[in-house]
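The lines below spell out each chain.
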Amino acid sequence: MSGTFVGMPAFPVAAREAVGDRTLRSNLRHATRTIRDKRARAVAELDDWAALREAGKQIKDHTLRHLDRYLVQVEETVTAAGGTVHWAADADEANEIVARLVEETGESEVVKVKSMATQEIALNEALEARGIHAYETDLAELIVQLGKDRPSHILVPAIHRNRGEIRDIFRSEMSEWGRPAPEGLTDTPAELAEAARLHLREKFLRAKVGVSGANFVVAETGTLVVVESEGNGRMCLTLPETLISVVGIEKIVPRWQDLEVFLQTLPRSSTAERMNPYTSMWTGTTDEDGPRAFHLVLLDNGRTDTLADEVGRQALRCIRCSACLNVCPVYERAGGHAYGSVYPGPIGAILSPQLRGTGSEIDASLPYASSLCGACYEVCPVAIDIPEVLVHLRERVVQGGPAVRDGNRVVLKPARGHAAERAAMRAAQWAFTHPGALRTGQRLASRTRRLHPRTLPGPGRAWSGSRDLPAVPAEPFRDWWQRTHGGKGGAK
Ligand code: SF4
């Protein structure tokens, strides 16, 4: 079983350890720089990239606006094609549905396609508790699972590992899970890939149940789409007798033709490829071809609450390409684990606090895990304004803590911490709504400026220890304006 993110400390605490780990930083620097340079070249090949980006944004926004209608349409089209649709309000419900479906087959093993949704709900751990072993078949997910580790990147979950570490994990752990690593395994990529291939092949051939997510669900046809690079997904989607797909409700696109946009923007943004090596599409079940039974579990788990937030809902456009991770200076140094979620980096910093609320230490700290440089927005293929959502969520954290649903509205529950910030904001609000008092305060500050301390007392000391406090002018701006412009021009 993989490690979990339960009980993670706040981002700055978790990041401190990562920042001090030279091997980790070197692995991350090398990997993220390589992939972001390749992405930039792949994107530059297209003259109409800006139009594709805008089209992707529009399609996603339209779908989210009419999600109620498209969800019903998905249920109708998937059912008509021979599939069964299940609705899961949260992680527990989704895990219960999947475990029950596996138990009904009489099997105790499943093979898995890489899926963020099933990681989000900790499906592997839930299945393990019911005596069902879930085997990850994506190479990077396999490394994470064998190493009893946690994923640190959306696309390359083992990005924090180098080849030597992967060889050691294969040598020591593969035999516990099935076919052992070949004798004398080295750290060359070809040998490592072959060891994984041999290890996984026996699982593909034995498995009767496959579990997947989906990159897209086409409402008008009931078709699910998985894009991948290794072919393991194709094996899991076609060989087992039963296929169970757990998909977030935001993964819907209305029309088949909409895929034209995303099948161009996703591969270039994620793996810097013109198209994915494997694009699997299936619609319900087909006689004599592929799984006999198909179940689609539609997962909410905080998505409708996110949808109710006018600024934050744009996070639901995300197509999980991970381009924002690869350009983020904070992610490059802190790594993925510090984000305390299967969604690390800039998208994790805006998605996790919305899906889970800002009630925990880690979720309240995530909106601050950014320098707001804007690089994430620049590369996002669906134009999610991540800095805008980060600032919005900071406001939520400072003002009121976790957002909770109240009928049709999202409201803020009183927060426990940040009392000093709230008091400061209230004082500022009062001062700006009482101009006479503000003017008196400014004059007083100017006259007493030589007496002002150079550092702040108490908890503010650490902040002012590395910064210069702004010098207070000898004359407030308003007085200067009055004196030099005779009161003309608006400074009252
Ligand atoms: S937020 Fe944008 S750039 Fe980041 S993973 Fe999602 S789609 Fe990709």
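Residues numbered from 1 in each chain as written. Predicted model: local features only at pLDDT ≥ 70, side-chain atom pairs only at ≥ 80, totals over all residues. Heavy atoms only, no water.

**A look at the environment of Asp168**
Stage number 1. Here Asp168 is to be found in helix 9 (residues 163–177).
Stage number 2. Taking C-alpha positions, Asp168 is 8.7 Å from Asp187, a pair spaced 19 residues apart along the chain. (Helix = DSSP H or I, 4+ residues; strand = E, 2+ residues; numbered from the N terminus.)

**Considerations on the environment of Thr221**
Stage number 1. Looking at where Thr221 falls in the secondary structure, it is placed in the loop between strand 5 (216–218) and strand 6 (223–228).
Stage number 2. Among the residues examined, Thr221 registers a relative accessible area of 27% and is labelled partly exposed.
Stage number 3. With 155 residues separating them along the chain, Thr221 and Cys376 place their C-alpha atoms 33 Å apart.
Stage number 4. Not counting chain neighbours up to four residues away, the residues in contact with Thr221 comprise Thr77, Trp256 and Thr283.
Stage number 5. Engagement of the side chain of Thr221 in a polar contact is seen with the side chain of Thr223, the distance being 2.7 Å. (Buried < 20%, exposed > 50% of the residue type's maximum accessible area, 1.4 Å probe, protein only. Contact = heavy atoms within 4.5 Å. Polar contact = N/O pair within 3.5 Å; in protein donor to acceptor, adjacent residues only side chain to side chain.)

**Points about the nonpolar core**
Stage number 1. Formed by 57 residues in total, the largest nonpolar core has its most connected members in Phe11, Phe216, Tyr339, Ile347 and Ile350.
Stage number 2. The element contributing the most residues to this core is helix 16 (residues 345–355), with five residues.
Stage number 3. Once you skip the residues sitting within four places of it in the chain, Phe11 turns out to touch Val330, Ala334, Ala338, Tyr339, Ile362, Ser365, Leu366 and Ala369.
Stage number 4. The next biggest cluster of nonpolar side chains, apart from the first, holds 46 residues, and it includes Leu71, Val113, Met174 and Val217. (Core = buried A, V, L, I, M, F, W, Y, C linked by side-chain atoms within 4.5 Å.)

**A few points about the packing of helix 8 (residues 139–146) against helix 9**
Stage number 1. At their nearest, the axes of helix 8 and helix 9 sit 9 Å apart, and the two run at 75° to each other. By the angle class used here, helix 8 and helix 9 are roughly perpendicular. Here Leu139, Leu142, Ile143, Gln145 and Leu146 of helix 8 come into contact with helix 9, specifically with Ile166, Ile169, Phe170, Glu173, Met174 and Trp177. (Axes fitted to C-alpha atoms, helices over the stretch in contact; angles between N-to-C directions. Parallel < 35°, antiparallel > 145°, perpendicular 65-115°, else oblique.)

**What about the site of the ligand?**
Stage number 1. Cys318, Ile319, Arg320, Cys321, Ser322, Cys324, Ile347, Cys380, Pro381, Val382, Ile384 and Ile386 make up every residue found near the ligand.
Stage number 2. Its residues assigned to classes, the shell around the ligand comprises ten nonpolar, one polar and one charged. (Near = heavy atom within 4 Å. Nonpolar A, V, L, I, M, F, W, Y, C, P; charged D, E, K, R; others polar.)

**Some words on the pattern of salt bridges**
Stage number 1. Applying the stated criterion across every chain yields a total of 25 salt bridges.
Stage number 2. One salt bridge connects Glu45 with Arg268, and the closest N-O pair in it is separated by 3.0 Å. Of this pair, Glu45 sits in the loop between helix 2 (22–44) and helix 3 (49–65) while Arg268 sits in helix 12 (residues 259–270), and the two are 223 residues apart along the sequence.
Stage number 3. With a relative accessible area of 40%, Glu45 lands in the partly exposed category.
Stage number 4. When the shortest N-O distance is used, the salt bridge between Arg320 and Glu250 registers 3.0 Å. Of the two residues, Arg320 is situated in the loop between helix 13 (303–307) and helix 14 (323–327) and Glu250 in the loop between strand 7 (242–248) and strand 8 (252–253); the sequence distance between them amounts to 70 residues. Glu250 matches Arg320 in its accessibility class, with the two residues each being buried. (Salt bridge = Lys/Arg side-chain N within 4 Å of Asp/Glu carboxyl O.)

**Describing the sheet that holds strand 5**
Stage number 1. Strands sit in the order 8-5-6-9 across an open sheet of four strands; the sheet is mixed. Of all the strands in the sheet, the pair left with one neighbour each is strand 8 and strand 9 (278–283).
Stage number 2. The pairing of strand 6 with strand 9 spans six bridges and is classified as antiparallel. Its bridge partner being in strand 9, Val225 is matched across the sheet by Met281. (Pairing = 2+ DSSP bridges.)

**Topic: the packing of aromatic side chains**
Stage number 1. In this structure the tally under the stated criterion is eight aromatic pairs.
Stage number 2. Here Tyr331 and Tyr339 contribute two aromatic rings whose centre-to-centre distance is 6.3 Å and whose plane-to-plane angle is 35°, an arrangement assigned as tilted. With respect to burial, Tyr331 and Tyr339 carry one shared label: buried.
Stage number 3. Ring plane angle 40° and centroid distance 5.9 Å describe the contact between Phe477 and Trp481, whose orientation is recorded as tilted. Of this pair, Phe477 and Trp481 both sit in helix 23 (residues 477–485), separated by four residues, roughly a single helical turn.
Stage number 4. Taken together, the ring pairs connect Phe11, Tyr331 and Tyr339 into an aromatic cluster.
Stage number 5. One residue, Arg53, lies across the ring of Tyr377, its end atom 5.1 Å from the ring centre. (Phe/Tyr/Trp six-rings, centres within 6.5 Å; stacked < 30°, edge-to-face > 60°. Lys NZ or Arg CZ within 6 Å of the ring centre and 35° of its normal.)

**Let's talk about the domain arrangement of the protein**
Stage number 1. Split into domains, the protein comes out as domain 1 (46–301) and domain 2 (437–485).
Stage number 2. With centres defined by C-alpha atoms, the gap from domain 1 to domain 2 works out at 57 Å. (Domains from an automatic or database assignment.)

**Description of the pairing of strand 4 (residues 209–212)**
Stage number 1. Of the two faces of strand 4, the one holding Val209 and Val211 and the one holding Gly210 and Ser212 are both buried throughout.
Stage number 2. Bridging between strand 2 (residues 109–112) and strand 4 involves two bridges; their strand directions are parallel. Bridge pairing in strand 4 links Val111 to Gly210.
Stage number 3. One ladder, built from four bridges, connects strand 4 with strand 7; its direction is parallel. Residue pairing across strands places Val211 opposite Ile244, the latter belonging to strand 7.

**Thoughts on the side chain of His199**
Stage number 1. Within the fold, His199 resides in helix 10 (residues 189–206).
Stage number 2. Sequence-distant contacts of His199, defined by excluding residues within four places in its chain, comprise Leu142, Met174, Trp177, Gly178 and Arg179.

**Looking at the sheet that holds strand 3 (residues 133–136)**
Stage number 1. Strand order in this open sheet of six strands is 1-10-7-4-2-3, and the pairing throughout is parallel. On the outer flanks of this sheet lie strand 1 (84–88) and strand 3, each paired with one strand and no other. This sheet shows a mean twist of 25° between the axes of neighbouring strands, independent of strand direction.
Stage number 2. Relative to strand 10 (residues 293–299), strand 7 is paired through seven bridges, and the arrangement is parallel. Bridge pairing in strand 10 links Ser245 to Leu296.

**Observations concerning the environment of Val253**
Stage number 1. Along the chain, Val253 turns up in strand 8.
Stage number 2. Not counting residues up to four positions away in its chain, the partners in contact with Val253 are Ile59, Thr63, Phe216, Val217, Val218, Ala219, Asp258, Leu259 and Phe262.

**Describing helix 9**
Along an α-helix, residues three or four positions apart point the same way, because every turn accommodates 3.6 residues.
Stage number 1. The end-to-end C-alpha distance of helix 9 is 20 Å, a good match for the 21 Å that 15 residues give at a rise of 1.5 Å each.
Stage number 2. Turning to helix 9, its buried residues are Gly164, Ile166, Ile169, Phe170, Glu173, Met174 and Trp177.
Stage number 3. Those residues of helix 9 hidden inside the fold are in contact with strand 3, helix 8 and helix 10.
Stage number 4. Among the residues trailing helix 9, Gly178 stands out with phi positive, at a value near 160°. (Expected span 1.5 Å × (residues − 1).)

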